[in-house]
Structures are given as C-alpha cells and as structure tokens.
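What the coordinates show
One letter stands for each residue in the lines below.
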Amino acid sequence: MGGAPGGMPRMSQLRQEIAESEHATEMAQENFEKMSRMIKKEVRVAVALRTTTFFASKCEASVHCWSGPSVKLALHPLVRIL
C-alpha cells in the first residue's frame, strides 16, 4: 500500500539529478566569478595604459615631464593592478 511500483528508484534518480544540477550550477557560478575578475583586471590594465599613453602623448620628451604629477596620477591605476 505504498506508492507506485518503482517509486523509490525514481525518487533516488531525481535526487541524484538534482544534486548534479546543483553542482553544475555552483561550478558555473564559480567560473562566472573568475571570468568577471579577469575582465575587470584587464579593463583596469587597458585604462591605465590608455591614460599613460595619453599623458605621454601630451608631454614633451623631457625628464621633467616624466616626473610631473600628471604622470604619477596616470600611473596610479597600475599600482592597484600589481
């Protein structure tokens, strides 16, 4: 007088499928977070290089120019990356 014949194996199968689905979801979330961190880091590097290139293009090729506050400001994002 229980459930339908074969009900227990079906429940076991469903539990296994749920566990596998949860594991796949966790792995996908971890991969998404890793990729997100990598993209953010690459964007910071690109912005830092673009900023440095911008200031270098606006600057005369002199030692004084490379020690000025604008170049230090341009290089600041690089410090956070490293």
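Higher on the page you've got the structure.
Below you will find a few notes about this structure. Treat the numbers as computed from the prediction; the structure is a model and nothing was measured.

When you go through the protein chain residue by residue, the secondary structure sums to three helices and zero strands. The linear arrangement of helices and strands in the protein chain, starting from the amino end, is α-α-α. Put simply, the protein chain has 82 residues, and 11% of those count as buried. As displayed, the protein chain offers around 7,200 Å² of accessible surface, 65% of which is attributable to carbon and sulfur atoms.

Further remarks concern a negative patch on the surface. Residues Glu22, Glu26, Glu30 and Glu33 make up a contiguous surface patch of negative charge. Summarising the element assignment, Glu22 is placed in helix α1 (residues 7–58).

Turning our attention to a nonpolar patch on the surface. A surface patch of nonpolar side chains, about 360 Å² in accessible area, is lined by Met35, Ile39, Val43 and Val47. When you line up the elements, Val47 lands in helix α1.

Reading guide: rules and limits
Starting afresh in each chain, residues are numbered from 1 along the sequence in its written order. Only residues with pLDDT of at least 70 get local features here, since the model is predicted, and only at 80 or more are side-chain atom pairs given and counted; chain-wide, interface and lining totals rely on the full set of residues. Neither water nor hydrogens contribute to the side-chain values; these are computed over all heavy atoms in the structure. Numbering of helices and strands runs from the N terminus; a helix is a DSSP stretch of H or I covering at least four residues, while a strand is a stretch of E covering at least two. Partly exposed residues are those whose accessible area sits between 20% and 50% of the maximum for their type, while under 20% is buried and over 50% is exposed, using a 1.4 Å probe and protein chains only. Where accessible areas are quoted, they stem from the Shrake-Rupley method and a 1.4 Å probe; at the residue level, only the protein chains shown are allowed to cover. In this analysis, a patch consists of residues with relative accessible area above 30% that form no salt bridge, clustered at 9 Å for like charges and at 5 Å for the nonpolar side chains Val, Leu, Ile, Met, Phe, Trp and Tyr. For salt bridges, the criterion is a side-chain nitrogen of Lys or Arg within 4 Å of an Asp or Glu carboxyl oxygen. His is not counted here, nor are the chain ends, while Lys and Arg score as positive and Asp and Glu score as negative. Throughout, a charge is located at the NZ atom of Lys, the CZ atom of Arg, the CG atom of Asp or the CD atom of Glu.

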